[in-house]
Amino acid sequence: MKPINEVTSVLTPLDRKNVDTDQIISKEFLKRIERTGFGKYLFYHWRYLPDGSINEDFVLNDKRYEHSTILVAHENFGCGSSREHAPWAIMDYGFQVVIAPSFADIFHNNCFKNGILPIRLQVDEVEELLRKGQQSAYTLTVNLEQQTINGEDGSKYTFDIDPYYKQMLLNGWDEISLTFQYEEHIAAYEKKHA
């Protein structure tokens, strides 16, 4: 995984509540065994009309948000089934940070395990960000080390994060990488108990 500390980007305002994992990555795209290649299917049934043409009214098809790495949505983001493909699709599309008032627990944990920073803010703070993001291409800077979000207009938000997950993301560690940090202790234990 790539380390995350500071992310500066125009935010993508996904003004929807209860976005479930089947909306994030629909079941018909789960046949791949790799973790890559899912980005093109992110929010597929919202991005495209039934005839396959682009849905011009969907936020990801708005040129203002092209190359955005920060997604902002309403509460209960990532609800539904526990498919790990959902964070894979979000990351493969290019998002590094997802901001919402609340997340489904399994999705929340899967984000950390896959190098995505999920940030919980208050409902009124998220609604303010959504409004700003819809009015113009609004840029945020997220700093994980300081646990701050700074808006281009001087707005400032703070967020909490579990110290364990913070260190994992700052160092780009997954759970296997974390285990390797204790390799000397593991080797000493194995030698002692051989």
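Here the structure is a predicted model, which is why all the values come from computation and not from measurement.

1. Brief notes about the environment of Asp-153
Moving on, step 1. Structurally, Asp-153 is set in the loop between strand S6 (148–151) and strand S7 (156–158).
Moving on, step 2. Excluding anything up to four places from it in sequence, Asp-153 contacts Lys-132 and Tyr-138.
Moving on, step 3. A distance of 2.8 Å separates the side chain of Asp-153 from the side chain of Ser-155, its partner in a polar contact.

2. A few points about the layout of surface pockets
Moving on, step 1. There is about 260 Å³ of room inside the largest pocket.
Moving on, step 2. Lining the largest pocket are 14 residues, and of these Leu-60, Asn-61, Lys-63, Glu-66 and Tyr-93 sit closest to its centre.
Moving on, step 3. In terms of residue class, the lining of the largest pocket is built from five nonpolar, four polar and five charged.
Moving on, step 4. The volume enclosed by the second largest pocket comes to roughly 180 Å³.
Moving on, step 5. Lining the second largest pocket are 14 residues, with Arg-120, Leu-121, Phe-159, Asp-160 and Ile-161 positioned closest to its centre.
Moving on, step 6. Mapped by element, the contributors of at least two residues to the lining of the second largest pocket are helix H4 (105–113) and strand S4 (117–120).
Moving on, step 7. Here the element with the most residues in the lining of the second largest pocket is S4; it accounts for three residues.
Moving on, step 8. Broken down by class, the residue content of the lining of the second largest pocket amounts to seven nonpolar, three polar and four charged.

3. Description of the packing of aromatic side chains
Moving on, step 1. Applying the stated rule across the entire model yields 14 aromatic pairs.
Moving on, step 2. Between the aromatic rings of Trp-46 and Phe-58, the centroid separation amounts to 5.8 Å while the plane-to-plane angle is 55°, which identifies the pairing as tilted. With Trp-46 in helix H2 (residues 44–47) and Phe-58 in the loop between H2 and strand S2 (70–73), this residue pair connects regions lying 12 residues apart in the sequence. One exposure class covers both Trp-46 and Phe-58, and it is buried.
Moving on, step 3. Ring geometry for Phe-103 and Phe-107: centres 6.3 Å apart, planes at 20°, overall stacked. Pair check on accessibility: Phe-103 and Phe-107 agree, each one buried.
Moving on, step 4. Over the aromatic face of Trp-46 sits the side chain of Arg-16, whose NZ or CZ is 4.0 Å from the ring centroid.

4. Observations concerning the packing of helix H3 (residues 85–93) against H4
Moving on, step 1. With their axes 9 Å apart at the nearest point, H3 and H4 run at an angle of 50° to one another. By the angle between their axes, H3 is oblique relative to H4. In this structure, H3 meets H4 at a crossing whose hand is right-handed. Only Phe-107, Asn-110 and Cys-111 of H4 make contact with H3, whose side of the interface consists of Ala-86, Pro-87 and Ile-90.
Moving on, step 2. When its residues are assigned to classes, the contact of H3 with H4 shows five nonpolar, one polar and no charged.

5. A few points about the sheet that holds strand S1 (residues 6–14)
Moving on, step 1. Taken in spatial order, the seven strands of this open sheet run S4-S3-S2-S1-S5-S6-S7, and their pairing is mixed. The two strands at the open ends of the sheet, each matched to only one other strand, are S4 and S7. On average, each strand axis in the sheet is tilted by 25° relative to the strand beside it, whichever way the strands run.
Moving on, step 2. Two strands pair when backbone bridges link them, and S1 and strand S5 (residues 139–143) are joined in this way by five bridges, in the antiparallel orientation. Each bridged residue has a counterpart across the sheet, and for Thr-8 the counterpart in S5 is Thr-141.
Moving on, step 3. Together, S1, S2, strand S3 (97–100), S5 and S7 form the strand contacts of helix H5 (residues 123–135), whose direction differs from that of S1 by roughly 85°.

6. Side note on H4
Moving on, step 1. Every buried residue of H4 is accounted for by Phe-107, His-108, Asn-110, Cys-111 and Phe-112.
Moving on, step 2. For H4, the elements touching its buried residues are helix H1 (21–24), H3, S4 and helix H6 (163–171).
Moving on, step 3. Following H4 by one or two positions, Gly-115 has its phi on the positive side, about 85°.

7. Re unusual backbone geometry
Apart from glycine, the bulk of residues carry a negative phi angle, and the bulk of peptide bonds sit in the trans form.
Moving on, step 1. In this structure, His-67 is a non-glycine residue whose phi angle is positive, near 70°.
Moving on, step 2. By the secondary structure assignment, His-67 is in the loop between H2 and S2.
Moving on, step 3. On the basis of relative accessible area, His-67 is assigned to the exposed category, the value being 71%.
Moving on, step 4. For Asn-76, which is not a glycine, the phi torsion comes out positive at approximately 65°.
Moving on, step 5. Tracing the backbone shows Asn-76 in the loop between S2 and H3.

Rules used throughout
Position numbers for residues start from 1 in each chain and track the written sequence from start to end. In keeping with the model being predicted, local features are shown solely for residues with a pLDDT of at least 70 and side-chain atom pairs are shown and tallied solely at 80 or more, while totals for entire chains, interfaces and linings include all residues. Values shown for side chains rest on all heavy atoms present in the structure; no hydrogens or waters enter the calculation. The helix count covers DSSP runs of H or I at least four residues long, the strand count covers runs of E at least two residues long, and both are numbered beginning at the N terminus. Only heavy atoms matter for contacts: two residues are in contact if any of them lie within 4.5 Å across the pair. We call two N or O atoms a polar contact when they sit within 3.5 Å, provided that within protein one can donate a hydrogen and the other can accept it, with sequence-adjacent residues counted only if both atoms are side-chain atoms. In this analysis, the protein atoms alone were mapped onto a 1 Å grid. Cavities are point sets where a 1.4 Å probe fits without being able to get out; pockets are open sets with protein on both sides within 12 Å along at least five of seven lines; lining residues have an atom within 4 Å of a point. Grid points are joined across faces, edges and corners, and a volume is the space filled by probe spheres set on the points. Residue polarity follows a fixed list, in which Ala, Val, Leu, Ile, Met, Phe, Trp, Tyr, Cys and Pro are nonpolar, Asp, Glu, Lys and Arg are charged, and the others, Gly among them, are polar. Side-chain rings of Phe, Tyr and Trp, where Trp is taken by its six-membered ring, are said to pair if the distance between their centres is within 6.5 Å; with planes under 30 degrees apart they count as stacked, over 60 as edge-to-face, and otherwise as tilted. When a residue's accessible area, from a 1.4 Å probe over protein chains only, is under 20% of the maximum for its type it is buried; when over 50% it is exposed; and in between it is partly exposed. Placement of a charge over a ring requires the Lys NZ or Arg CZ to be within 6 Å of the ring centre, with the centre-to-atom vector within 35 degrees of the ring normal. Lines are fitted to the C-alpha atoms to define the axes, a helix being fitted only along its stretch in contact, and any angle between axes, read from their N-to-C directions, falls within 0 to 180 degrees. By definition in this entry, angles of less than 35 degrees are roughly parallel, angles greater than 145 are roughly antiparallel, angles of 65 to 115 are roughly perpendicular, and the rest are oblique. Here is the rule for handedness: rotate from the far helix to the near one, and if that takes an anticlockwise turn smaller than a right angle the crossing is left-handed, while a clockwise turn gives right-handed. By the convention used here, strands pair only if DSSP detects at least 2 bridges between them.

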